[in-house]
Amino acid sequence: MNAGLLLVSLALLVGCAAAPSAPLQAPKARVQLDAVATLSVGDCDTQTAADETAVIVARRNAAALVRGARMSADTALRIQALADTARTALNRACRGGKLDASAVAEARAARAQINTLMRSTP
Amino acid sequence: MNIEQAKTLASALTIAIAQAEANGSSQVALQYHLQQLDDQARAELQAAIDAATK
């Protein structure tokens, strides 16, 4: 094997051993991040959906009880205010696509008080 | 989740899916439609309270 051929062989070996260039990796990483971000937003909405529907149903049930004269207006006003608190907390719970556990806890605490008021109704 | 809550969630999902399909979107705006339902429920409860305090 002559020197020239050896040099060409060495150059080829060095070229093959080089690390892949950054632009080849970046698009794949970006696609993976987009997929994770989309999945995270969907998960947060899903996780708070049960709490949100509970607030909606509580308001509707309280409205029916007030109309049927089985709940006082004062109690209904308290339920309305607690439902507003829960709603505000749930609106905050998914900002940025990541679940805010403290906001969910605040909403659930308000819901627990609503449940207590509903149970106290004859 | 009780039946009433499940029906409410199903209602919001049905509307959200229909809107996403109409817009050609793959994303469902569930939270937006739940908030719309809550706005309606809030107004309903407020109307009942106002009627009871007249």
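Residues numbered from 1 in each chain as written. Chains lettered and ligands numbered in written order. Predicted model: local features only at pLDDT ≥ 70, side-chain atom pairs only at ≥ 80, totals over all residues. Heavy atoms only, no water.

Undergrad: Is there a simple way to explain the overall build of chain A in this structure?
TA: Of the regular secondary structure elements, chain A holds four helices and zero strands. Reading the secondary structure of chain A in the N-to-C direction produces α-α-α-α. Residue burial in chain A is summarised as follows: out of 122 residues, 33% are buried. Considering only intrachain contacts with a sequence separation of at least 6, the fraction spanning at least 24 residues in chain A is 70%. (Helix = DSSP H or I, 4+ residues; strand = E, 2+ residues; numbered from the N terminus. Buried < 20%, exposed > 50% of the residue type's maximum accessible area, 1.4 Å probe, protein only. Contact = heavy atoms within 4.5 Å.)

Undergrad: Would you explain the overall build of chain B in this entry?
TA: Summing up its helical and strand segments, chain B has two helices and zero strands in all. The C-alpha atoms of chain B give a radius of gyration of 14 Å, which is well past the 10 Å a tight globule of 54 residues would have. C-alpha atoms of chain B, sized along the principal axes, occupy 50 × 25 × 15 Å. Taken across its 54 residues, chain B has 31% of its residues classed as buried. When the accessible surface of chain B is split by element, carbon and sulfur atoms take 54% of a total near 3,300 Å². (Rg over C-alpha atoms; globule rule 2.2 N^0.38 Å. Areas by Shrake-Rupley, 256 points an atom, 1.4 Å probe, with all protein chains shown as cover.)

Undergrad: Explain the pattern of salt bridges here, please?
TA: Once their charged atoms are close, side chains differing in charge can pair, the charge on each being opposite to the other. Enumeration over the complete set of coordinates arrives at nine salt bridges over all chains. One salt bridge connects Arg108(A) with Asp51(A), and the closest N-O pair in it is separated by 2.9 Å. A residue pair is termed long-range when its members are at least 10 positions apart, and Arg108(A) in helix 4 (residues 101-119) and Asp51(A) in helix 2 (residues 22-67) qualify at 57 residues. By relative accessible area, Asp51(A) is classed as buried at 1%. The shortest N-O distance in the salt bridge between Arg67(A) and Glu44(B) comes to 3.2 Å. Note that Arg67(A) is positioned in helix 2 and Glu44(B) in helix 2 (residues 30-52), a pairing that runs across two chains. For Arg67(A), a relative accessible area of 52% translates into the label exposed. Taken together, the salt bridges that share partners define one network made up of Arg59(A), Asp84(A), Arg87(A), Asp38(B), Asp39(B) and Arg42(B). (Salt bridge = Lys/Arg side-chain N within 4 Å of Asp/Glu carboxyl O.)

Undergrad: So what exactly am I meant to see when it comes to unusual backbone geometry here?
TA: As a rule of thumb, non-glycine residues mostly have phi less than zero, and peptide bonds are mostly trans rather than cis. The backbone phi angle of Ala69(A) is positive, close to 60°, even though this residue is not glycine. With respect to the helices, strands and loops of the structure, Ala69(A) is situated in the loop between helix 2 and helix 3 (73-93).

Undergrad: Just checking my understanding: could you explain the interface of chain A and chain B for this structure?
TA: Frequently, the measure chosen for interface size is the accessible area removed from exposure when the parts meet. Contact with chain A, which involves 28 residues of that partner, is made by 22 residues of chain B. For chain A, the biggest contributors to the area lost against chain B are Arg60(A), Gln80(A) and Arg87(A); these three give 22% of the whole. Linking chain A to chain B there are ten residue pairs in polar contact (both at pLDDT 80 or more). Breaking the side of chain A that touches chain B down by element, the ones donating at least two residues are helix 2 and helix 3 of chain A. Here the residues of the side of chain A that touches chain B sort into 15 nonpolar, six polar and seven charged. (Buried area = accessible area lost by both parts, 1.4 Å probe. Polar contact = N/O pair within 3.5 Å; in protein donor to acceptor, adjacent residues only side chain to side chain. Nonpolar A, V, L, I, M, F, W, Y, C, P; charged D, E, K, R; others polar.)

Undergrad: What's the story with helix 3 of chain A in this structure? I'm lost.
TA: Owing to its 3.6 residues per turn, the α-helix brings residues three or four apart onto one side. Counted at 1.5 Å a residue, the expected span for helix 3 of chain A with its 21 residues is 30 Å, and the 30 Å between its end C-alpha atoms agrees. Within helix 3 of chain A the residues assigned to the buried category are Ala73(A), Thr75(A), Ala76(A), Ile79(A), Gln80(A), Leu82(A), Ala83(A), Ala86(A), Arg87(A), Ala89(A), Leu90(A) and Ala93(A). (Expected span 1.5 Å × (residues − 1).)

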